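As a plain string of letters, each chain reads:
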Amino acid sequence: MQIFGVDIGGSGIKGAPVDLDRGDLAQERQKVLTPHPAIPEDVAACVAEVVGRFDWSGPVGITFPGVVTDGCTRTAANVDKTWIDTDARGMLGDRLGLPVTLLNDADAAGIAEMTFGAGRGRKGTVIVLTFGTGIGSALFVDGKLVPNTELGHLELNGHDAEKHASTKAKEDEELSWHHWAHRVQKYLSHVEMLFSPELFVIGGGVSRKADKFLPLIEHVRAEMVPAELQNNAGIVGAAMAASDTVA
Ligand code: BGC
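So, here's what we can say about the structure. (Residues numbered from 1 in each chain as written. Predicted model: local features only at pLDDT ≥ 70, side-chain atom pairs only at ≥ 80, totals over all residues. Heavy atoms only, no water.)

**What about the site of the ligand?**
For clarity, the threshold we go by: The rule for a residue being near a molecule or strand is that one of its heavy atoms must lie within 4 Å of it. In protein, a polar contact requires one atom able to donate a hydrogen and another able to accept it; more generally it is a pair of N or O atoms within 3.5 Å, and residues adjacent in sequence count only if both atoms are side-chain atoms. Each accessible area value is a Shrake-Rupley result obtained with a 1.4 Å probe; residue values ignore everything except the protein chains displayed when judging cover. Secondary structure elements follow DSSP: runs of H or I of four or more residues count as helices, runs of E of two or more count as strands, with numbering from the N terminus. In this classification, Asp, Glu, Lys and Arg are treated as charged, Ala, Val, Leu, Ile, Met, Phe, Trp, Tyr, Cys and Pro as nonpolar, and every other residue, Gly included, as polar.
In the vicinity of the ligand, the contacting residues are P65, G66, A77, N78, N104, D105, A106, I135, G136, E150, H153 and E162. Between N104 and the ligand, the recorded distance is 2.9 Å, taken from a side-chain N or O atom to an oxygen atom. Within the side chain of D105, one N or O atom sits 2.5 Å away from an oxygen atom of the ligand. Burial of the ligand by the surrounding chains reaches 93%, relative to a free accessible area of 310 Å². If you list the elements that add at least two residues to the shell around the ligand, you get α3 (105–116) and β10 (135–141). Each residue belonging to the shell around the ligand can be placed in one class, and the counts come to four nonpolar, five polar and three charged.

As structure tokens, then:
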């Protein structure tokens, strides 16, 4: 079966039909740049542009980089604040004229990793973290997602953790791998203190460069592995979430 997946990110809005049996894109994905400011109507127009580049008329799963409960977007750390308390699922569904499932971006990436990637078959407590503009988190207990955990906003050294340890912080402050890994280590230790996971799956674009920083991280008891689906995890997970609504 195929379902369309869209990943709304801070820099790009990407989408493609997903082959749910393989957990991979069925066609090459399309991408448009995220508008600035990233207000709901403009983002919806970009989502429609991406979906419109395919001959698609079925359900669409869409990720959002903030808390999503019952189709409403509740926080907006890295997008325009007008998303807060918006019926985004209704708005996107009306714009596309298609049934829409909306979920947090890290939750979507986590769902994909737990079925097709680095968390496949893993029981117990698994935490998938995505490092990018922010830090996203997806918490799984015996394979079941606890949605909207928002562990990127834990306080670390008096700061919002994602401001200190995201990939954006590394770039903005021109941190060396060593320096950044030290911050990530402190962050992981804090998360470990709270949840004692068996496994951390480290995702986001930076997972491609895992060899540059994962070996530098010590004092974390849990196993740490890079995500496997990398750039497409959000798209695949969004489509998987939407498929749950199709009987
Ligand atoms: C948001 C999360 C999101 C993460 C990654 C954070 O700032 O609060 O909801 O998953 O960024 O995009």
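Having seen the structure, we can now continue with the description.
**Digging into helix α2 (residues 88–96)**
Operational definition: To sort residues, take the accessible area from a 1.4 Å probe on protein chains only and compare it with the maximum for the residue type: under 20% means buried, over 50% means exposed, and anything in between is partly exposed. By construction, the arc corresponds to the directions joining the helix axis to the C-beta atoms. Contacts: residue pairs with any heavy atoms within 4.5 Å of one another.
Taken together, the buried positions of α2 are occupied by A88, L92, G93 and L96. Take α2 and look down its axis: the buried residues cluster within an arc of 125°, on one side only. In this structure, the buried residues of α2 make contact with α1 (40–52), β5 (60–64), β7 (72–73) and β8 (100–104). Following α2 by one or two positions, G97 adopts a phi angle in the positive range, close to 70°.

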